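Summary of the model geometry
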Amino acid sequence: MKCVILPLAFVLVLIAFTPPRVLAQSAPMYDIVINGGRVIDPETKLDARRSIGIIGGTIAAISTKRLMGKRMINATGWIVAPGFIDLHSHGQSIVADRMQVFDGVTTALELDAGTAAVKEWYDTQAQTGRVLNYGMAAGWNPADSAATPTLARLEQGLQDGAPGIGIDSGDLATATLRPIYALAAKYKVPVFQCTGNKAATVQQIITLAAATGSSAHLCYAGSADVSTVTNLVLQAREKGLPITLETHTYGPCDTAAAAAQIAATARNNGGNSVRYPLYITSARNNHYTETPIDAYIDDALVLLPGASIGSGGKPWIDANTGQPVDAYMWPLPVNAYAPPAGAGTYTRLLGYWVRERKALSLSEAISKSSLLPARIMERAVPQLRKKGRLQKGMDADLIVFDPGTVRSMASTVYPYRPAAGVKCVIINGVTVITNGELELTRPGKAIRRAVAETRLNGRTAAE
Ligand SMILES: [Zn+2]
(Lines give C-alpha, C1' and ligand atoms only; values in the text may rest on other atoms or scores of the structure.)
Protein backbone atom coordinates (compact mmCIF):
# COMPACT_ATOMS: atom_id res chain seq x y z
CA MET A 1 0.00 0.00 0.00
CA LYS A 2 1.22 3.47 -0.77
CA CYS A 3 1.06 6.54 1.39
CA VAL A 4 -0.46 8.73 -1.31
CA ILE A 5 -0.39 12.50 -1.26
CA LEU A 6 -2.51 13.98 -4.03
CA PRO A 7 -1.47 17.32 -5.51
CA LEU A 8 -3.78 20.30 -4.96
CA ALA A 9 -4.77 20.54 -8.62
CA PHE A 10 -6.00 16.95 -8.61
CA VAL A 11 -7.93 17.51 -5.39
CA LEU A 12 -9.56 20.59 -6.95
CA VAL A 13 -10.55 18.53 -9.97
CA LEU A 14 -12.07 15.97 -7.59
CA ILE A 15 -13.96 18.73 -5.83
CA ALA A 16 -15.19 20.09 -9.17
CA PHE A 17 -16.81 16.73 -9.89
CA THR A 18 -18.16 16.24 -6.37
CA PRO A 19 -21.93 16.80 -5.91
CA PRO A 20 -22.64 20.00 -3.89
CA ARG A 21 -24.20 18.16 -0.94
CA VAL A 22 -21.09 15.98 -0.43
CA LEU A 23 -18.86 19.04 -0.80
CA ALA A 24 -20.75 20.90 1.92
CA GLN A 25 -20.23 17.99 4.30
CA SER A 26 -16.49 17.86 3.62
CA ALA A 27 -15.77 21.52 4.54
CA PRO A 28 -13.61 22.94 6.00
CA MET A 29 -10.54 22.40 3.88
CA TYR A 30 -7.49 21.44 5.92
CA ASP A 31 -3.84 21.93 4.96
CA ILE A 32 -3.11 18.22 5.44
CA VAL A 33 -5.52 15.37 6.01
CA ILE A 34 -4.66 11.82 7.09
CA ASN A 35 -7.56 9.51 6.27
CA GLY A 36 -8.25 5.88 7.11
CA GLY A 37 -5.53 5.17 9.68
CA ARG A 38 -5.79 3.50 13.07
CA VAL A 39 -5.25 6.48 15.34
CA ILE A 40 -3.64 5.84 18.73
CA ASP A 41 -3.48 8.53 21.42
CA PRO A 42 -1.75 7.28 24.58
CA GLU A 43 -3.34 9.91 26.83
CA THR A 44 -7.07 9.56 26.00
CA LYS A 45 -6.57 5.88 25.07
CA LEU A 46 -8.19 6.51 21.70
CA ASP A 47 -7.45 3.52 19.48
CA ALA A 48 -9.81 3.59 16.49
CA ARG A 49 -10.08 4.44 12.83
CA ARG A 50 -10.17 8.22 12.53
CA SER A 51 -9.35 11.02 10.10
CA ILE A 52 -6.96 13.78 11.14
CA GLY A 53 -7.22 17.36 9.85
CA ILE A 54 -4.22 19.67 10.23
CA ILE A 55 -4.24 23.47 9.86
CA GLY A 56 -0.87 25.18 10.10
CA GLY A 57 1.10 23.50 12.88
CA THR A 58 -1.92 22.28 14.83
CA ILE A 59 -4.21 19.24 14.84
CA ALA A 60 -7.51 20.94 13.99
CA ALA A 61 -9.85 17.94 13.76
CA ILE A 62 -10.12 14.26 14.62
CA SER A 63 -13.17 12.80 12.92
CA THR A 64 -14.94 9.53 12.31
CA LYS A 65 -15.72 10.91 8.82
CA ARG A 66 -13.39 11.21 5.87
CA LEU A 67 -11.94 14.74 5.64
CA MET A 68 -10.78 16.85 2.71
CA GLY A 69 -7.51 18.77 2.59
CA LYS A 70 -5.03 20.45 0.28
CA ARG A 71 -2.80 17.40 0.80
CA MET A 72 -4.42 14.03 1.35
CA ILE A 73 -2.62 11.10 3.00
CA ASN A 74 -4.20 7.66 2.78
CA ALA A 75 -3.16 5.74 5.92
CA THR A 76 -5.50 2.76 5.53
CA GLY A 77 -3.98 -0.25 7.29
CA TRP A 78 -1.40 1.89 9.05
CA ILE A 79 -0.96 3.39 12.52
CA VAL A 80 -1.17 7.14 13.14
CA ALA A 81 0.53 8.18 16.38
CA PRO A 82 2.11 11.19 18.06
CA GLY A 83 5.75 11.66 17.02
CA PHE A 84 8.36 10.22 19.36
CA ILE A 85 10.23 12.43 21.82
CA ASP A 86 13.83 11.45 22.50
CA LEU A 87 15.21 13.08 25.67
CA HIS A 88 18.65 11.55 25.16
CA SER A 89 19.85 12.37 21.66
CA HIS A 90 23.54 13.32 21.39
CA GLY A 91 23.51 13.52 17.56
CA GLN A 92 22.07 17.05 17.27
CA SER A 93 22.72 17.66 13.58
CA ILE A 94 20.73 17.60 10.36
CA VAL A 95 22.08 14.17 9.44
CA ALA A 96 21.28 12.77 12.90
CA ASP A 97 17.78 14.27 12.62
CA ARG A 98 17.21 12.60 9.27
CA MET A 99 18.23 9.19 10.58
CA GLN A 100 16.02 9.67 13.63
CA VAL A 101 12.98 10.83 11.64
CA PHE A 102 12.92 7.42 9.91
CA ASP A 103 12.84 6.03 13.47
CA GLY A 104 9.63 8.01 14.16
CA VAL A 105 11.29 10.77 16.20
CA THR A 106 9.91 14.32 15.86
CA THR A 107 11.61 15.91 18.89
CA ALA A 108 15.24 15.17 19.82
CA LEU A 109 16.62 16.73 23.00
CA GLU A 110 20.12 16.37 24.39
CA LEU A 111 19.51 16.43 28.12
CA ASP A 112 22.28 14.09 29.28
CA ALA A 113 25.60 15.80 28.56
CA GLY A 114 24.26 19.26 27.64
CA THR A 115 26.40 22.25 26.78
CA ALA A 116 28.36 24.97 28.55
CA ALA A 117 27.05 27.62 26.10
CA VAL A 118 23.26 27.32 25.93
CA LYS A 119 22.47 30.63 24.21
CA GLU A 120 25.15 30.17 21.56
CA TRP A 121 23.99 26.62 20.88
CA TYR A 122 20.37 27.64 20.32
CA ASP A 123 21.48 30.58 18.15
CA THR A 124 23.51 28.22 15.93
CA GLN A 125 20.63 25.75 15.53
CA ALA A 126 18.23 28.55 14.59
CA GLN A 127 20.67 29.77 11.92
CA THR A 128 21.29 26.28 10.52
CA GLY A 129 17.70 25.06 10.65
CA ARG A 130 16.83 21.65 12.05
CA VAL A 131 14.62 18.83 10.83
CA LEU A 132 13.43 17.81 14.30
CA ASN A 133 12.39 19.93 17.25
CA TYR A 134 15.58 20.39 19.24
CA GLY A 135 16.87 21.35 22.66
CA MET A 136 19.93 21.14 24.91
CA ALA A 137 20.44 21.02 28.69
CA ALA A 138 22.84 23.16 30.66
CA GLY A 139 25.60 20.62 31.13
CA TRP A 140 27.76 19.92 34.13
CA ASN A 141 31.31 20.13 32.90
CA PRO A 142 34.21 18.35 34.56
CA ALA A 143 36.59 20.97 33.13
CA ASP A 144 34.92 23.81 35.03
CA SER A 145 37.50 25.91 36.83
CA ALA A 146 37.33 28.42 39.65
CA ALA A 147 37.24 31.15 36.98
CA THR A 148 33.92 29.89 35.66
CA PRO A 149 32.25 28.25 38.62
CA THR A 150 29.96 25.37 37.72
CA LEU A 151 26.92 26.65 39.53
CA ALA A 152 27.05 30.14 38.01
CA ARG A 153 27.42 28.73 34.52
CA LEU A 154 24.63 26.20 35.01
CA GLU A 155 22.36 28.98 36.29
CA GLN A 156 23.25 31.09 33.27
CA GLY A 157 22.28 28.16 31.04
CA LEU A 158 18.90 27.89 32.75
CA GLN A 159 18.34 31.64 32.39
CA ASP A 160 19.16 31.21 28.70
CA GLY A 161 16.29 28.74 28.41
CA ALA A 162 17.86 25.31 28.88
CA PRO A 163 15.13 22.73 29.59
CA GLY A 164 17.11 21.10 32.42
CA ILE A 165 20.51 20.28 33.88
CA GLY A 166 22.51 17.39 32.44
CA ILE A 167 25.16 15.51 34.40
CA ASP A 168 26.90 12.92 32.26
CA SER A 169 28.65 11.24 35.18
CA GLY A 170 27.67 8.70 37.79
CA ASP A 171 30.74 9.22 39.95
CA LEU A 172 30.30 12.55 41.69
CA ALA A 173 30.41 13.23 45.43
CA THR A 174 27.15 14.14 47.15
CA ALA A 175 28.74 17.42 48.27
CA THR A 176 29.31 18.32 44.59
CA LEU A 177 25.84 17.27 43.49
CA ARG A 178 23.72 18.77 46.26
CA PRO A 179 23.96 22.45 45.16
CA ILE A 180 23.28 21.41 41.54
CA TYR A 181 20.10 19.59 42.58
CA ALA A 182 19.11 22.61 44.71
CA LEU A 183 19.60 24.85 41.66
CA ALA A 184 17.36 22.57 39.58
CA ALA A 185 14.69 22.74 42.29
CA LYS A 186 14.90 26.55 42.32
CA TYR A 187 14.26 26.69 38.55
CA LYS A 188 11.75 23.79 38.61
CA VAL A 189 13.68 21.79 36.01
CA PRO A 190 14.71 18.13 36.14
CA VAL A 191 18.26 16.92 36.64
CA PHE A 192 19.20 14.33 34.03
CA GLN A 193 21.96 12.23 35.44
CA CYS A 194 23.85 9.26 34.11
CA THR A 195 23.83 6.54 36.76
CA GLY A 196 27.02 4.90 35.53
CA ASN A 197 24.96 1.68 35.67
CA LYS A 198 25.40 1.66 39.46
CA ALA A 199 22.65 1.03 41.96
CA ALA A 200 24.56 3.11 44.53
CA THR A 201 24.36 6.14 42.21
CA VAL A 202 20.62 5.58 41.71
CA GLN A 203 20.21 5.65 45.51
CA GLN A 204 22.35 8.79 45.72
CA ILE A 205 20.22 10.54 43.09
CA ILE A 206 16.95 9.59 44.81
CA THR A 207 18.26 10.84 48.17
CA LEU A 208 19.37 14.15 46.63
CA ALA A 209 16.03 14.66 44.90
CA ALA A 210 14.19 14.00 48.16
CA ALA A 211 16.46 16.38 50.10
CA THR A 212 16.33 19.28 47.63
CA GLY A 213 12.85 18.97 46.11
CA SER A 214 14.24 18.50 42.61
CA SER A 215 12.95 16.02 40.07
CA ALA A 216 15.48 13.61 38.60
CA HIS A 217 15.63 11.54 35.43
CA LEU A 218 17.90 8.49 35.43
CA CYS A 219 19.90 7.96 32.24
CA TYR A 220 21.62 4.62 31.65
CA ALA A 221 20.09 2.97 34.68
CA GLY A 222 20.77 -0.61 33.68
CA SER A 223 23.27 -2.92 35.33
CA ALA A 224 23.61 -6.50 36.50
CA ASP A 225 21.97 -5.04 39.59
CA VAL A 226 18.87 -4.20 37.60
CA SER A 227 16.37 -5.60 40.10
CA THR A 228 17.86 -3.37 42.82
CA VAL A 229 17.60 -0.37 40.47
CA THR A 230 13.98 -1.00 39.52
CA ASN A 231 13.03 -1.59 43.17
CA LEU A 232 14.66 1.68 44.21
CA VAL A 233 12.77 3.56 41.51
CA LEU A 234 9.43 1.93 42.33
CA GLN A 235 9.89 2.62 46.06
CA ALA A 236 10.75 6.27 45.33
CA ARG A 237 7.61 6.60 43.23
CA GLU A 238 5.49 5.08 45.99
CA LYS A 239 6.78 7.85 48.27
CA GLY A 240 5.69 10.41 45.65
CA LEU A 241 9.20 11.43 44.64
CA PRO A 242 9.50 12.74 41.05
CA ILE A 243 12.00 10.13 39.88
CA THR A 244 11.80 8.97 36.25
CA LEU A 245 13.85 6.44 34.37
CA GLU A 246 14.60 5.85 30.73
CA THR A 247 15.88 2.82 28.95
CA HIS A 248 17.41 1.93 25.61
CA THR A 249 16.32 -0.76 23.19
CA TYR A 250 19.90 -1.35 22.08
CA GLY A 251 20.86 -2.25 25.60
CA PRO A 252 21.23 -0.29 28.80
CA CYS A 253 24.71 -1.29 29.82
CA ASP A 254 28.20 -1.63 28.55
CA THR A 255 29.21 -5.09 29.60
CA ALA A 256 32.43 -6.84 28.77
CA ALA A 257 30.35 -9.62 27.21
CA ALA A 258 28.78 -7.15 24.80
CA ALA A 259 32.19 -5.83 23.80
CA ALA A 260 33.41 -9.36 23.09
CA GLN A 261 30.30 -10.11 21.04
CA ILE A 262 30.73 -7.09 18.83
CA ALA A 263 34.45 -7.66 18.48
CA ALA A 264 33.71 -11.17 17.19
CA THR A 265 31.15 -9.82 14.73
CA ALA A 266 33.65 -7.30 13.44
CA ARG A 267 36.41 -9.88 13.08
CA ASN A 268 34.09 -12.11 11.06
CA ASN A 269 33.31 -9.31 8.69
CA GLY A 270 36.48 -8.88 6.68
CA GLY A 271 35.16 -6.02 4.60
CA ASN A 272 34.70 -3.92 7.67
CA SER A 273 38.02 -4.61 9.33
CA VAL A 274 38.96 -0.93 9.19
CA ARG A 275 36.22 -0.22 11.66
CA TYR A 276 37.26 -2.87 14.12
CA PRO A 277 38.49 -0.43 16.80
CA LEU A 278 35.29 1.55 16.43
CA TYR A 279 33.19 -1.51 17.14
CA ILE A 280 35.05 -2.02 20.35
CA THR A 281 34.53 1.61 21.30
CA SER A 282 30.89 1.25 20.34
CA ALA A 283 30.41 -1.82 22.47
CA ARG A 284 31.99 -0.24 25.50
CA ASN A 285 30.47 3.18 25.15
CA ASN A 286 27.24 2.69 23.34
CA HIS A 287 25.50 -0.19 24.94
CA TYR A 288 24.86 -2.62 22.11
CA THR A 289 24.09 -5.93 23.76
CA GLU A 290 23.40 -9.48 22.66
CA THR A 291 24.05 -11.80 25.59
CA PRO A 292 21.31 -13.49 27.68
CA ILE A 293 22.10 -11.36 30.72
CA ASP A 294 21.91 -8.22 28.58
CA ALA A 295 18.58 -9.35 27.11
CA TYR A 296 17.31 -9.92 30.65
CA ILE A 297 18.36 -6.40 31.65
CA ASP A 298 16.76 -4.97 28.49
CA ASP A 299 13.45 -6.61 29.31
CA ALA A 300 13.52 -5.61 32.99
CA LEU A 301 13.83 -1.94 31.99
CA VAL A 302 11.92 -1.73 28.69
CA LEU A 303 8.90 -3.46 30.22
CA LEU A 304 9.05 -1.55 33.53
CA PRO A 305 5.79 0.43 33.86
CA GLY A 306 6.51 4.15 33.67
CA ALA A 307 9.95 3.78 32.05
CA SER A 308 10.37 5.96 28.96
CA ILE A 309 12.49 5.12 25.93
CA GLY A 310 15.55 7.20 25.00
CA SER A 311 18.10 6.55 22.28
CA GLY A 312 21.43 7.74 23.66
CA GLY A 313 22.24 8.12 19.94
CA LYS A 314 25.64 9.58 19.11
CA PRO A 315 26.95 12.04 16.47
CA TRP A 316 27.64 10.64 12.99
CA ILE A 317 31.31 10.35 12.10
CA ASP A 318 33.39 9.10 9.19
CA ALA A 319 34.42 5.59 10.29
CA ASN A 320 37.85 5.94 8.69
CA THR A 321 38.81 9.40 9.91
CA GLY A 322 36.74 9.90 13.03
CA GLN A 323 35.67 13.32 11.71
CA PRO A 324 32.01 14.42 11.58
CA VAL A 325 30.27 13.47 8.33
CA ASP A 326 28.84 16.16 6.07
CA ALA A 327 25.63 17.03 7.92
CA TYR A 328 23.77 17.66 4.64
CA MET A 329 24.70 14.38 2.93
CA TRP A 330 21.79 12.08 2.08
CA PRO A 331 21.63 9.14 1.92
CA LEU A 332 24.52 8.36 4.21
CA PRO A 333 27.59 6.76 2.64
CA VAL A 334 28.82 3.37 3.87
CA ASN A 335 31.64 4.96 5.83
CA ALA A 336 29.20 6.94 7.99
CA TYR A 337 29.22 5.59 11.50
CA ALA A 338 27.23 5.95 14.70
CA PRO A 339 25.91 3.24 17.02
CA PRO A 340 22.59 1.80 15.83
CA ALA A 341 20.60 3.42 18.64
CA GLY A 342 20.61 6.71 16.74
CA ALA A 343 18.88 5.06 13.77
CA GLY A 344 16.68 2.33 15.20
CA THR A 345 15.80 2.71 18.89
CA TYR A 346 12.04 3.22 18.48
CA THR A 347 11.49 1.01 15.44
CA ARG A 348 13.34 -1.76 17.29
CA LEU A 349 10.82 -1.32 20.12
CA LEU A 350 7.91 -1.57 17.65
CA GLY A 351 9.38 -4.42 15.63
CA TYR A 352 11.03 -6.59 18.26
CA TRP A 353 9.11 -6.04 21.52
CA VAL A 354 5.66 -5.30 20.06
CA ARG A 355 5.32 -7.31 16.83
CA GLU A 356 7.75 -10.22 17.11
CA ARG A 357 7.55 -11.01 20.82
CA LYS A 358 4.21 -9.42 21.72
CA ALA A 359 5.83 -8.46 25.03
CA LEU A 360 4.40 -4.93 24.91
CA SER A 361 1.18 -3.55 23.44
CA LEU A 362 1.35 -1.04 20.61
CA SER A 363 -0.28 1.68 22.71
CA GLU A 364 2.15 1.06 25.61
CA ALA A 365 5.12 1.30 23.26
CA ILE A 366 3.80 4.55 21.79
CA SER A 367 3.18 5.93 25.28
CA LYS A 368 6.74 5.14 26.42
CA SER A 369 8.08 6.90 23.34
CA SER A 370 5.88 10.01 23.25
CA LEU A 371 3.53 10.76 26.16
CA LEU A 372 5.88 9.75 29.00
CA PRO A 373 8.80 11.90 27.79
CA ALA A 374 6.40 14.83 27.25
CA ARG A 375 5.10 14.49 30.81
CA ILE A 376 8.63 14.33 32.23
CA MET A 377 9.39 17.68 30.57
CA GLU A 378 6.15 19.63 30.56
CA ARG A 379 6.46 21.17 34.04
CA ALA A 380 9.79 22.70 33.05
CA VAL A 381 8.90 23.44 29.41
CA PRO A 382 5.19 24.14 28.78
CA GLN A 383 5.72 23.55 25.00
CA LEU A 384 5.74 19.82 25.80
CA ARG A 385 2.12 19.96 26.99
CA LYS A 386 1.14 20.07 23.32
CA LYS A 387 3.38 17.21 22.26
CA GLY A 388 3.27 13.46 22.79
CA ARG A 389 -0.52 13.50 22.34
CA LEU A 390 -2.74 13.04 19.32
CA GLN A 391 -5.69 15.30 20.17
CA LYS A 392 -7.42 18.34 18.73
CA GLY A 393 -5.42 21.47 19.56
CA MET A 394 -2.10 19.62 19.99
CA ASP A 395 0.97 20.26 17.84
CA ALA A 396 0.91 18.51 14.46
CA ASP A 397 3.90 16.27 15.21
CA LEU A 398 2.62 12.98 13.80
CA ILE A 399 3.94 9.73 12.43
CA VAL A 400 2.30 7.13 10.18
CA PHE A 401 3.82 3.65 10.17
CA ASP A 402 3.06 0.14 8.95
CA PRO A 403 2.80 -2.12 12.03
CA GLY A 404 3.48 -5.16 9.87
CA THR A 405 6.87 -4.02 8.57
CA VAL A 406 8.20 -1.37 10.95
CA ARG A 407 11.67 -2.33 12.14
CA SER A 408 15.17 -1.08 12.76
CA MET A 409 17.56 -1.78 9.89
CA ALA A 410 20.63 -0.49 11.75
CA SER A 411 23.38 -2.63 13.22
CA THR A 412 26.97 -2.06 14.18
CA VAL A 413 27.94 -3.45 10.76
CA TYR A 414 25.33 -1.42 8.84
CA PRO A 415 24.67 1.59 11.08
CA TYR A 416 23.83 3.90 8.16
CA ARG A 417 20.64 2.08 7.13
CA PRO A 418 17.49 4.09 7.91
CA ALA A 419 14.69 2.25 9.69
CA ALA A 420 11.90 0.63 7.64
CA GLY A 421 8.13 1.00 7.87
CA VAL A 422 7.71 4.69 8.77
CA LYS A 423 5.62 6.01 5.88
CA CYS A 424 4.87 9.61 6.74
CA VAL A 425 6.21 12.06 9.32
CA ILE A 426 4.78 15.52 9.94
CA ILE A 427 6.58 18.01 12.19
CA ASN A 428 4.93 21.32 13.09
CA GLY A 429 2.45 20.70 10.26
CA VAL A 430 5.19 20.17 7.65
CA THR A 431 5.80 16.81 5.96
CA VAL A 432 9.34 15.45 6.39
CA ILE A 433 8.68 11.91 5.12
CA THR A 434 5.99 11.15 2.54
CA ASN A 435 5.51 7.87 0.71
CA GLY A 436 8.40 6.56 2.81
CA GLU A 437 10.76 9.09 1.18
CA LEU A 438 12.65 11.92 2.86
CA GLU A 439 11.77 15.51 1.97
CA LEU A 440 14.50 18.11 2.44
CA THR A 441 12.40 20.23 4.79
CA ARG A 442 13.61 21.59 8.12
CA PRO A 443 10.54 22.48 10.19
CA GLY A 444 12.13 21.82 13.62
CA LYS A 445 11.61 24.40 16.35
CA ALA A 446 13.53 25.14 19.53
CA ILE A 447 12.28 23.46 22.70
CA ARG A 448 13.30 25.97 25.30
CA ARG A 449 12.19 27.65 28.50
CA ALA A 450 11.51 31.38 28.49
CA VAL A 451 14.79 33.31 28.34
CA ALA A 452 15.39 35.32 31.52
CA GLU A 453 15.23 39.12 31.53
CA THR A 454 18.85 39.32 32.63
CA ARG A 455 20.01 38.02 29.26
CA LEU A 456 17.52 40.05 27.25
CA ASN A 457 18.80 43.21 28.93
CA GLY A 458 22.32 42.44 27.83
CA ARG A 459 23.61 41.43 31.23
CA THR A 460 23.95 37.95 32.60
CA ALA A 461 24.37 36.45 36.02
CA ALA A 462 27.85 35.29 35.07
CA GLU A 463 29.03 38.70 33.90
ZN1 LIG B 1 24.28 9.85 26.90
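Here is what the cut-offs are and how they apply
Residues numbered from 1 in each chain as written. Predicted model: local features only at pLDDT ≥ 70, side-chain atom pairs only at ≥ 80, totals over all residues. Core = buried A, V, L, I, M, F, W, Y, C linked by C-beta atoms within 7 Å. Buried ≥ 20, exposed ≤ 12 C-beta atoms within 10 Å, placed from the backbone. Helix = DSSP H or I, 4+ residues; strand = E, 2+ residues; numbered from the N terminus. Contact = placed C-beta atoms within 7 Å. Expected span 1.5 Å × (residues − 1). Bend = angle between axes of the 7 residues up to and from the residue. Pairing = 2+ DSSP bridges. Axes fitted to C-alpha atoms, helices over the stretch in contact; angles between N-to-C directions. Parallel < 35°, antiparallel > 145°, perpendicular 65-115°, else oblique. Nonpolar A, V, L, I, M, F, W, Y, C, P; charged D, E, K, R; others polar. Right-handed = clockwise from strand over helix to strand, strands pointing away. Left-handed = near helix turned anticlockwise from the far one by under 90°. Arc of directions from axis to C-beta. pLDDT = per-residue confidence, 0-100.

A closer look at the nonpolar core
Nonpolar side chains tend to gather and get buried jointly when the protein is soluble and globular. Core analysis: the biggest nonpolar cluster contains 120 residues, and Val33, Ile52, Val80, Ile165, Ile180, Val400 and Val425 have the highest contact counts within it. For this core, the element with the highest residue contribution is helix α13 (residues 362–377), accounting for seven residues. Those residues in contact with valine 33 that lie beyond four places of it in its chain are Ser51, Ile52, Gly53, Leu67, Met68, Gly69, Met72 and Ile73.

Notes on helix α12 (residues 341–356)
The terminal C-alpha atoms of α12 lie 19 Å apart, and with 16 residues this falls more than 12% below the ideal 22 Å at 1.5 Å per residue. Within α12, the axis deviates most sharply at threonine 347, by approximately 45 degrees. In terms of burial, α12 is largely enclosed, as 13 of its 16 residues are buried.

Description of the sheet that holds strand β11 (residues 216–219)
In space, the eight strands of this open sheet follow the order β6-β7-β8-β9-β10-β11-β12-β13, with parallel pairing throughout. The outermost strands of the open sheet, each flanked by one partner alone, are β6 (84–86) and β13 (308–309). With three bridges connecting them, β6 and strand β7 (residues 105–115) associate as parallel partners. Bridging across to β7, isoleucine 85 finds its partner in threonine 107.

Focus on unusual backbone geometry
Following tryptophan 330, the chain continues into proline 331 via a peptide bond in cis, with omega recorded as 0 degrees. The phi dihedral of asparagine 435 falls on the positive side, at around 55 degrees, and the residue is not glycine. Mapped onto the elements, asparagine 435 comes out in the loop between β18 (430–434) and β19 (437–438). A residue is classified by how many C-beta atoms lie within 10 Å of it, and asparagine 435, with 13 of them, is partly exposed.

Points about the packing of helix α7 (residues 199–212) against helix α8 (residues 226–238)
The contact between α7 and α8 brings their axes to 9 Å, and the two run at 10 degrees. Overall, the two elements α7 and α8 adopt an arrangement that is roughly parallel. Here Ala199, Val202, Gln203 and Ile206 of α7 lie close against α8, whose contacting residues are Thr228, Val229, Leu232 and Ala236. Counted by class, the contact of α7 with α8 contains six nonpolar, two polar and no charged residues.

Focus on the pairing of strand β10 (residues 191–194)
With burial as the criterion, each face of β10 is covered, one bearing Val191 and Gln193 and the other bearing Phe192 and Cys194. Sheet topology places strand β9 (residues 165–167) next to β10; three bridges connect them, and they run parallel. Bridge pairing in β10 places isoleucine 167 opposite glutamine 193. Read as a crossover between parallel neighbours, the route from β9 over helix α6 (residues 174–187) to β10 is right-handed. Sheet topology note: the β10/β11 ladder contains four bridges and is parallel. For valine 191, the partnering residue across the bridge sits in β11 and is alanine 216. Viewed along the sheet, the connection from β10 through α7 into β11 turns out right-handed.

Overview of the packing of α6 against α7
Closest axis-to-axis distance for the α6/α7 pair is 9 Å, and the angle between their directions is 50 degrees. Judged by the inter-axis angle, α6 sits oblique to α7. In this structure, α6 meets α7 at a crossing whose hand is right-handed. Two secondary-structure elements touch here, α6 through Thr174, Leu177, Arg178, Tyr181, Ala182 and Ala185 and α7 through Gln204, Leu208, Ala209 and Thr212. Split into classes, the residues belonging to the contact of α6 with α7 amount to six nonpolar, three polar and one charged.

So, the pairing of strand β16 (residues 398–401)
Residues Leu398 and Val400 line one face of β16 and the alternating positions Ile399 and Phe401 line the opposite face, and both faces are buried. Pairing geometry for strand β5 (residues 79–82) and β16, over four bridges, is antiparallel. The residue of β16 that forms the bridge with isoleucine 79 is phenylalanine 401. Relative to strand β17 (residues 422–427), β16 runs antiparallel, the two sharing four bridges. Each bridged residue has a counterpart across the sheet, and for phenylalanine 401 the counterpart in β17 is valine 422.

Some thoughts on α7
The terminal C-alpha atoms of α7, which comprises 14 residues, lie 20 Å apart, in line with the 20 Å expected from a rise of 1.5 Å per residue. Every buried residue belonging to α7 is among Thr201, Val202, Ile205, Ile206, Leu208, Ala209 and Thr212, and all of these are buried. Projected down its long axis, α7 shows its buried positions confined to an angular sector of 160 degrees, all on one face. For α7, the elements touching its buried residues are α6, β10, β11, α8 and β12 (243–247). One or two steps after α7, the chain reaches glycine 213, where phi turns positive at roughly 85 degrees.

Observations concerning the confidence of the model for the protein chain
Confidence in the prediction for the protein chain averages 85 pLDDT; 80% of positions are at 70 or higher. Here residues 13–24 is modelled with pLDDT under 50, and outside its nearest four sequence neighbours on either side it reaches two contacts, counting other chains as well. Of the regions scoring below 50 in pLDDT, residues 252–263 engages in 45 contacts with residues more than four places distant in sequence or in other chains.

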